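Notes for the structure review
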Amino acid sequence: MEHLITQMKEDYDDLMIIDHKEYVKLFQFLKIKCYKKGEILKSHDELELVSRYIFKGDIAEYEYRAKKFYCRKVFSAPDTACDFESYRSEETSNITLKAFTDVQVGELQKSDEFSVIEYIPVFAKLALRINHRIAKIDRQWKRLHWLEKKEAYNTLQKLCPVFNQLQVAEISAILNIPERSVFRIRKELANEFRSFK
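The sections below set out a description of the structure shown in this document. Everything quoted here is computed from the prediction, not taken from an experiment.

1. Let's talk about the overall build of the chain
When helices and strands are tallied, the chain shows 8 helices and 8 strands. Taken over the C-alpha atoms alone, the chain extends approximately 60 × 40 × 30 Å along its principal axes. Among the 197 residues that make up the chain, the fraction classed as buried is 45%. For the chain, long-range pairs separated by at least 24 residues make up 68% of all intrachain contacts whose partners lie at least 6 apart in sequence. Surface accessibility of the chain: about 11500 Å² in total, with carbon and sulfur atoms responsible for 53%. Charge centroids of the chain, computed over 34 positive and 31 negative side chains, lie 7 Å from each other.

The structure is reproduced here in structure tokens:
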């Protein structure tokens, strides 16, 4: 457990330095869980009740539409993974979260948020900064839709640590382009690489 506390503190020290003993208090509220690759963490027909700090691994967000699942983004350590739409609205959404790789997370129940702030007031300021980081990451994923196709593909490679594990259908869904466009971009990039050599 101590190594997880240290890992989280080192990550959040970039946002705001808080004493180690405060993180020890925070961990009284976190449930440490492991999920196997492919395991559903939250289904589209469920209410989102937790936020998940990713210690290790990756979680994919899928949109359920017309009886099919479309990959929209991949949360990677040390992101916070959550169906934010359902979490904020307190209603179900069309989002499913699934372990893209084996994953270890610290889950914080929404019902414990205020207790954490009351018990560890210094985390109120950090929570605001974490929310800003979450919003910034979300903007980077949404920005992919507005980029030219090849630029979006290249940006996704940099944005997603597990890009090489994504299927063509998942890349297509994330970028909101046809699968044939993904194949075409790959071919163009391979030709550019060969001519560069």
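2. Re the sheet that holds strand 3 (residues 50–56)
Taking strand neighbours across the sheet as the criterion, the 4 strands line up as 1-8-3-6 in an open arrangement whose pairing is antiparallel. This sheet does not close on itself; its edge strands, each paired only once, are strand 1 (31–35) and strand 6 (80–81). Pairing between strand 3 and strand 6: 2 bridges, direction antiparallel. Paired with Tyr53 across the two strands is Thr80, which belongs to strand 6.

3. Focus on the sheet that holds strand 4 (residues 58–65)
Taken in spatial order, the 4 strands make up an open sheet running 2-7-4-5, and their pairing is antiparallel. What marks the edges here is a single partner per strand, and that holds for strand 2 (40–42) and strand 5 (68–76). The sheet shows a mean angle of 35° between the axes of neighbouring strands, taken without regard to direction. As paired strands, strand 4 and strand 5 are joined by 8 bridges and run antiparallel to one another.

4. Thoughts on the pattern of salt bridges
Across all of its chains, the model carries 15 salt bridges by this definition. For the salt bridge of Asp19 with Lys21, the shortest nitrogen-to-oxygen distance reads 3.9 Å. Residues participating in the shared-partner salt-bridge network are Lys33, Glu48, Arg52 and Glu107.

5. Here we look at unusual backbone geometry
At the junction of Ala77 and Pro78, the peptide bond is cis and its omega measures out at 5° in the coordinates. Here Asn176, not a glycine, exhibits a phi torsion of approximately 60°, which is positive. In this fold, Asn176 is placed in the loop between helix 7 (168–175) and helix 8 (179–196). Asn176 sits in the exposed class, given a relative accessible area of 56%.

6. Describing the nonpolar core
Membership of the largest hydrophobic core comes to 34 residues, with the highest contact counts inside it found for Met8, Tyr23, Ile59, Phe123 and Leu126. Sorting the residues of this core by element identifies helix 1 (2–12), helix 2 (20–26), strand 3, helix 3 (84–89), strand 7 (95–99), strand 8 (103–109) and helix 5 (123–143) as the ones contributing at least two each. If we ignore the near neighbours within four places in the chain, the residues touching Ile59 are Leu41, Arg52, Ile54, Lys73, Val74, Phe75, Ala81, Leu97, Lys98, Phe100, Val103 and Val105. Membership of the second largest hydrophobic core comes to 23 residues, among which are Tyr62, Phe100, Val182 and Leu189.

7. Brief notes about the pairing of strand 3
With respect to burial, strand 3 is a largely interior element, 6 of its 7 residues being buried. With 6 bridges connecting them, strand 3 and strand 8 associate as antiparallel partners. Bridging across to strand 8, Arg52 finds its partner in Glu107.

Rules used in this analysis
Residues numbered from 1 in each chain as written. Predicted model: local features only at pLDDT ≥ 70, side-chain atom pairs only at ≥ 80, totals over all residues. Heavy atoms only, no water. Helix = DSSP H or I, 4+ residues; strand = E, 2+ residues; numbered from the N terminus. Buried < 20%, exposed > 50% of the residue type's maximum accessible area, 1.4 Å probe, protein only. Contact = heavy atoms within 4.5 Å. Areas by Shrake-Rupley, 256 points an atom, 1.4 Å probe, with all protein chains shown as cover. Lys, Arg positive; Asp, Glu negative; His and termini not counted. Charge placed at Lys NZ, Arg CZ, Asp CG, Glu CD. Pairing = 2+ DSSP bridges. Axes fitted to C-alpha atoms, helices over the stretch in contact; angles between N-to-C directions. Salt bridge = Lys/Arg side-chain N within 4 Å of Asp/Glu carboxyl O. Core = buried A, V, L, I, M, F, W, Y, C linked by side-chain atoms within 4.5 Å.

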